[in-house]
Amino acid sequence: RVLVLDLGAQYTLLIARRVRELGVYCEVLPGDAPAQTILSRKPQAIILSGGPSSVYAEDAPRPDPAVWEAGVPVLGICYGMQLMAHVLGGEVRRGERQEFGRAELEVLAADDGRPGRLFEGIGSPGARMTCWMSHGDLVRRPPPGFRTVARTPLSPVAAMEHGSRPWFGVQFHPEVAHTPFGSELLRHFLYDLAGLRGGWNMHAFVERAVDELRRQVTGGRAVVALSGGVDSSTAAVLAHRALGDRLTAIFVDHGLLRRGEPETVEREIGGRLGVPVTRVDARQRFLTKLAGVVDPEEKRRIIGREFIRVFEESARGVPDVRYLVQGTLYPDVVESGGGRTATIKSHHNVGGLPEQMQLTLVEPFRYLFKDEVRRVARELGLPDAIVHRHPFPGPGLAVRVVGEVTAEALETVRACDAIVQEEVERAGWAGEVWQAFAVWTGAWSVGVKGDARHYGPVIAVRCVQSDDGMTADWVRLPYEVLDRISHRITNEVPTVSRVVYDVSAKPPATIEWE
Ligand code: XMP
């Protein structure tokens, strides 16, 4: 496998993706991962990512020297190359010239007369190719034993390699599409210089993960918390494949899911895929805890805390339980180390670790990204309803009921939400939108139903497009689709006589109303 050490670059994910596209298994580790972690992964090659720092900054991320002692090929990209130059005795100049965007790269004849290895088969000395740059610092002089194998007009050392050891550095970004020969260069590094072979795919991932789970969970039993989402469902099915009856999936039904979701989980994960699922009906318990609570953050805290309590109580009932399987993804791993951004919403995800139980945590997806988990899910035979489920907040419908969460509000918003889902799907828009849902706005209005005055809740419909949930725009659904949604809600949900469409972008609004 290949390790990508994440030194803070926005392109790290892209590097990992490119490597996996070349059919080589790859894991992303934080740049400051200790030697033991690096070596325990038994890497066959290491890639140092770019990053926003300067090697001279006090808090500059610096990988453990184990990288150099692992005896495997290393490729430093951008900041990764500067770091390589700096720690191995070269010279890096700070902020000397900035170089952003396209640049013309010239392949150089190796200065000791031997042909360079990095560009072998890609460009002969004198060849000029377009590459993509984004850096402020630059390498002035490569470290002893290294030679310069490419330059651009602004970077005298745009690529370098060691004379005998398998260490390579590039100042440009081979992982972006703007470097047309980038994939070829990565292929050359992986296949020819590191001797790796393609052939890795989700099928191979599943086999490897099953083996690893069997090795990790040696004695006793394991539990997994099912939430209805793709990550936990896939983790449950994978762990079941590895551990069989030694796994118990606990599905805490907090009553805040959408219509049909608890049934889908039970039918598909429990029934069709045969995972032993224990459904805990905690609906009344959550309603009681939420009674009278109107503050959104307080709701999140209560739901998060209660979820862990209920889960813990059920897990205690599992004999000889020693492990907790969680569907944590790489972005979650990075974020939980975070505190980088201001807290707008606490985003309390249900399914945190029950601390008192002293379970050993097993996270088979901690090196994967969301779309890769979806592919694993498909590989394991999970249904589309789970594989393609839109993002859904951990606290569920509770943050789609503005104000106090009552049984009536939940029932109403659930019924309206089901209509929104059906109509967006039927109109062929489900794949285009990030999320579509109904909101109990907490506002009440006068209407007329059956010739009589009707006073009822105002329901909002929200439908947004987004790449990552950080920013979003409202979707211009065709009027006919909006009309059908409104018509059906006011006809099929007796208490509702007014429906409004939310036309706010994020920012300044957020996606959820709470
Ligand atoms: P906002 O409302 O902050 O939402 O624009 C951005 C994305 O995050 C989801 N979201 C949550 N997810 N726990 C979660 O697991 C939460 O408390 C939570 N609040 C919002 C939201 O659905 C959207 O996809």
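Described below are features of the structure shown in this document.

Each value, and the rule that gives it
- Residues numbered from 1 in each chain as written.
- Predicted model: local features only at pLDDT ≥ 70, side-chain atom pairs only at ≥ 80, totals over all residues.
- Heavy atoms only, no water.
- 1 Å grid on protein atoms, 1.4 Å probe; cavity = no way out; pocket = protein on both sides within 12 Å on 5 of 7 lines; lining within 4 Å.
- Points joined across faces, edges and corners; volume = space filled by probe spheres on them.
- Nonpolar A, V, L, I, M, F, W, Y, C, P; charged D, E, K, R; others polar.
- Domains from an automatic or database assignment.
- Helix = DSSP H or I, 4+ residues; strand = E, 2+ residues; numbered from the N terminus.
- Expected span 1.5 Å × (residues − 1).
- Buried < 20%, exposed > 50% of the residue type's maximum accessible area, 1.4 Å probe, protein only.
- Arc of directions from axis to C-beta.
- Contact = heavy atoms within 4.5 Å.
- Polar contact = N/O pair within 3.5 Å; in protein donor to acceptor, adjacent residues only side chain to side chain.
- Core = buried A, V, L, I, M, F, W, Y, C linked by side-chain atoms within 4.5 Å.

1. What to know about the layout of surface pockets
Next, step 1: Here the second largest pocket defines a volume of roughly 290 Å³.
Next, step 2: Lining of the second largest pocket is provided by 17 residues; of these, Arg41, Glu212, Gln216, Glu363 and Pro364 occupy positions nearest its centre.
Next, step 3: Its residues placed into classes, the lining of the second largest pocket shows eight nonpolar, two polar and seven charged.
Next, step 4: Residue contributions to the lining of the second largest pocket reach at least three from each of two domains, namely domain 1 (2-193) and domain 2 (202-387).

2. Here's the deal with helix 6 (residues 202-216)
Next, step 1: For helix 6, which comprises 15 residues, the first-to-last C-alpha distance of 20 Å matches the rise-based estimate of 21 Å (1.5 Å per residue) to within 8%.
Next, step 2: Of all the residues in helix 6, the buried ones are Met202, Phe205, Val206, Ala209, Val210 and Leu213. All buried residues of helix 6 fall inside an arc of 130° around its axis, so they share one side.
Next, step 3: Buried positions along helix 6 lie against helix 7 (230-243), strand 16 (360-362) and helix 12 (370-379).
Next, step 4: Its side-chain oxygen placed 3.1 Å from the backbone nitrogen of His203, Asn201 serves as the N-cap of helix 6.

3. Considering the nonpolar core
Next, step 1: Counting 118 residues, the largest nonpolar core has Ile46, Phe205, Val223, Phe365, Leu382 and Ile489 as the members making the most contacts within it.
Next, step 2: Once residues within four sequence positions are removed from consideration, Val223 is found in contact with Leu247, Thr248, Ile250, Phe311, Ala315, Val318, Val321, Tyr323, Leu324, Val325 and Leu359.

4. What to know about the environment of Asp64
Next, step 1: Among the structural elements, Asp64 can be located in the loop between strand 3 (45-48) and helix 3 (66-69).
Next, step 2: The class of Asp64 is partly exposed, set by a relative accessible area of 24%.
Next, step 3: Once you skip the residues sitting within four places of it in the chain, Asp64 turns out to touch Ala33, Pro34, Ala35 and Ile38.

5. Quick word on empty space enclosed by the protein
Next, step 1: Per the counting criterion, the structure on display carries one cavity of 30 Å³ or more.
Next, step 2: In this model, the largest cavity occupies a volume close to 30 Å³.
Next, step 3: Leu226, Ser227, Phe251, Val252, His254, Leu257 and Phe307 together form the lining of the largest cavity.
Next, step 4: Taken together, the residues of the lining of the largest cavity sort by class into five nonpolar, two polar and no charged.

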